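Listed below are the residues making up each chain.
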Amino acid sequence: MTHAKDNFIAWLKSAHAMEEQAITSLTAQTRRLENYPDLKARMLEHLEETRSQADALQSLLNDFSGAPSTLKDIAGRIAATVHGIPALVMNDEVVKFSAQAYAFEHLEIATYRMLIAAADELGETEAQAVFERILAEEMSMARWLEDNLDPITRVFLMRDERDLQAKR
């Protein structure tokens, strides 16, 4: 199972980089959110979950003697930063961020489902338990976004119509 283990570790490194990217993106977005207190509170909560997830993945990587991929982590942070630059000038930043966050949560959900299957195949029960915990958090965040995309959009439209600061 050398190839399976190699794939598993590579996917684990990618998941760690994905969480680093999420930390960068969530940090930037939560700093800019001003007029959407529920969204900001949930994003701050998820930011703490994401930091914990990155730490758990780092611990697993240490256990498997595979350091996180510094290049992947840096690339993830750069991608998050570059991705966020256009948001600074978009008048509908909060709506687009919410939609992008919803899509990103589903990418994370798929990643953790894949890692759970790989951990199960390799008999890595501790790793599987970590991935299942993270999966539950990602699914919860995706559900929250799904339930709140409509109200966020409506608040944005109302604020924009009244010439209030809607962007943030």
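Rules behind the numbers
Residues numbered from 1 in each chain as written. Predicted model: local features only at pLDDT ≥ 70, side-chain atom pairs only at ≥ 80, totals over all residues. Heavy atoms only, no water. Helix = DSSP H or I, 4+ residues; strand = E, 2+ residues; numbered from the N terminus. Buried < 20%, exposed > 50% of the residue type's maximum accessible area, 1.4 Å probe, protein only. Expected span 1.5 Å × (residues − 1). Core = buried A, V, L, I, M, F, W, Y, C linked by side-chain atoms within 4.5 Å. Salt bridge = Lys/Arg side-chain N within 4 Å of Asp/Glu carboxyl O. Axes fitted to C-alpha atoms, helices over the stretch in contact; angles between N-to-C directions. Parallel < 35°, antiparallel > 145°, perpendicular 65-115°, else oblique. Left-handed = near helix turned anticlockwise from the far one by under 90°. Contact = heavy atoms within 4.5 Å. Nonpolar A, V, L, I, M, F, W, Y, C, P; charged D, E, K, R; others polar.

## Focus on unusual backbone geometry
With a phi angle near 55 degrees, Asp-163 is a residue other than glycine that sits in the positive phi range. Examined against the element boundaries, Asp-163 turns out to sit in the segment after helix H5 (125–161). By relative accessible area, which is 72% here, Asp-163 ends up exposed.

## So, helix H4 (residues 93–122)
Note on helix geometry: an α-helix contains 3.6 residues per turn, so any two residues three or four positions apart are oriented the same way. Counted at 1.5 Å a residue, the expected span for H4 with its 30 residues is 44 Å, and the 42 Å between its end C-alpha atoms agrees. Of the residues trailing H4, Gly-123 is marked for its positive phi of about 75 degrees.

## Brief notes about the nonpolar core
Formed by 25 residues in total, the largest nonpolar core has its most connected members in Phe-8, Leu-12, Leu-57, Leu-60, Tyr-112 and Phe-131. Elements supplying a minimum of two residues to this core: helix H1 (2–32), helix H2 (37–63), H4 and H5. Top element by residues in this core is H4. It accounts for eight residues. Counting 16 residues, the second-largest nonpolar core is a separate cluster that includes Leu-47, Ala-54, Phe-97 and Ile-152.

## Things to note about H5
Over its 37 residues, H5 runs 53 Å from end to end, which matches the ideal 54 Å to within 8%, given 1.5 Å per residue. With its phi angle positive at about 55 degrees, Asp-163 sits one or two positions after the end of H5.

## Digging into the pattern of salt bridges
Evaluation of the coordinates by the stated rule reveals eight salt bridges. Residues Asp-92 and Lys-96 are paired through a salt bridge, measuring 3.5 Å at the closest nitrogen-oxygen approach. When the shortest N-O distance is used, the salt bridge between Asp-150 and Arg-154 registers 2.8 Å. Pair noted here: Asp-150 and Arg-154 are both in helix H5, with a separation of four residues, about one helical turn. We classify Arg-154 as exposed; its relative accessible area is 54%. Via salt bridges that share partners, Arg-42, Glu-45 and Glu-49 belong to a single interconnected network.

## Side note on the packing of H2 against H4
Running from amino to carboxyl end, H2 crosses H4 at an angle of 30 degrees, the nearest separation of the two axes being 14 Å. Relative to H4, the element H2 lies roughly parallel. In the packing of H2 onto H4, the handedness of the crossing is left-handed. Residue-level inspection shows Leu-39, Met-43, His-46 and Leu-57 of H2 in contact with H4, the latter providing Val-94, Phe-97, Ser-98, Ala-101, Glu-105, Glu-108 and Tyr-112. Residue composition of the contact of H2 with H4, by class: seven nonpolar, two polar and two charged.

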